[in-house]
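Here is what each chain is made of, one letter per residue.
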Amino acid sequence: MHIDWSLGRYESTAAKLMPAAGVVVDATRPARGERVVDVGCGTGNAALLAAARGAHVTGVDPAQRLLEVARRRAAEQGLEARFVQGEAAALPLDDRSAEIVLSVFGVIFAPDASAVAAEVARVLAPGGRFVLSAWMPQGPISDMGRAAGEAVARAVGAPPGPPPFPWHDREALADLLAPHGFDVAVDEHSLAFTAPSAREFLDAESRDHPMSIATRSLLEARGLPPETTLHPMLEVLEAGNEDPDSFVVTSRYVVATARRG
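Our subject in this report is the structure included herewith. Treat the numbers as computed from the prediction; the structure is a model and nothing was measured.

### Some points on the nonpolar core
Ranked by internal contacts, the top residues of the largest apolar core, which has 79 residues, are Phe130 and Trp167. The biggest single contributor to this core is strand 7 (residues 247-260), with seven residues. Not counting residues up to four positions away in its chain, the partners in contact with Phe130 are Val101, Val107, Val120, Leu124, Leu177, Phe182, Ala256, Thr257 and Ala258.

### A look at the packing of aromatic side chains
Geometrically, a pair of aromatic rings is defined through the distance of the ring centres and the angle of the planes. Inspection of the entire model under this criterion finds nine aromatic pairs. Ring geometry for Trp135 against Phe193: centres 6.1 Å apart, planes inclined by 50 degrees, an arrangement best described as tilted. With a gap of 58 residues between them, Trp135 in strand 5 (residues 124-135) and Phe193 in strand 6 (residues 182-195) connect regions that are remote in the sequence. The exposure class assigned to Phe193 is buried, which follows from its relative accessible area of 9%. Three or more aromatic residues link up through ring pairs in this structure, and these residues are Phe105, Trp135, Phe193, Phe201, Phe247 and Tyr253.

### Let's talk about the pairing of strand 5
Where burial is concerned, most of strand 5 is hidden: nine out of the 12 residues are buried. Where strand 4 (residues 98-104) and strand 5 come together, six bridges link them in parallel fashion. Pairing of Ile100 across the sheet is with Arg129, part of strand 5. On the question of chirality, the crossover connecting strand 4 to the parallel strand 5 by way of helix 5 (residues 113-123) is right-handed. Relative to strand 7, strand 5 runs antiparallel, the two being bridged by seven bridges.

Analysis parameters
- Residues numbered from 1 in each chain as written.
- Predicted model: local features only at pLDDT ≥ 70, side-chain atom pairs only at ≥ 80, totals over all residues.
- Heavy atoms only, no water.
- Core = buried A, V, L, I, M, F, W, Y, C linked by side-chain atoms within 4.5 Å.
- Buried < 20%, exposed > 50% of the residue type's maximum accessible area, 1.4 Å probe, protein only.
- Helix = DSSP H or I, 4+ residues; strand = E, 2+ residues; numbered from the N terminus.
- Contact = heavy atoms within 4.5 Å.
- Phe/Tyr/Trp six-rings, centres within 6.5 Å; stacked < 30°, edge-to-face > 60°.
- Pairing = 2+ DSSP bridges.
- Right-handed = clockwise from strand over helix to strand, strands pointing away.

Encoded structure:
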């Protein structure tokens with residue numbers, strides 16, 4: 001299913017992911033004057049953190065509306081950064097035009113991992129580094145997405161799609177990037193999502209997140225109610241809740257650092 005990331009209000013999701021953006025930029029350690037590309041930059045979280053360190057930053061994202069949000073944030077913070085429309089598998093950038101390529105839960109949605117690897121290798125200068133974050137396929141948030149996908153597939157009678165590339169797996173990343181001269185290291189981290197209740201968390205996600213809106217549109221086009229996915233998702237969230245007085249779930253993710261010799 002193609003996702004239009006301009007739908008809804010991804011800004012609310014981006015705010016929740018800001019701590020992970022900080023972890024990725026810290027792992028990247030951009031120096032003043034280094035050229036940084038943020039792939040799947042969204043509203044500019046990591047791009048602006050890198051710009052605040054004095055890096056020359058270009059953010060790339062397919063969603064024009066999110067790029068406009070990123071430009072506005074840069075202006076509000078008095079930071080210089082360039083934001084351009086483009087896909088991870090076809091970056092609108094010159095060869096060897098960056099010392100750093102980073103991506104905070106961005107390239108993990110690209111349908112062709114090999115094409116992304118080739119583009120990153122093309123854009124990076126010798127000695128450059130590629131740093132990305134990717135969710136680990138365990139925990140309530142991951143299980144919620146899987147439950148929704150399975151419920152949609154059952155409802156529309158569609159066969160299960162191919163498994164996504166395991167961006168979280170060091171061995172898979174090493175195999176993907178080794179032909180381009182990269183060595184890969186992986187560190188694990190976690191991020192907590194909170195809300196007054198599981199229901200309120202799900203309601204906000206259903207209202208704001210582009211993937212939820214795309215799923216709802218798919219169901220509506222077939223005359224199916226949103227409860228097709230909402231009930232299984234709520235069950236997963238309530239089962240995984242870590243706080244009996246409100247709602248807290250923790251998602252684990254990796255930050256992979258690939259260095260080019």
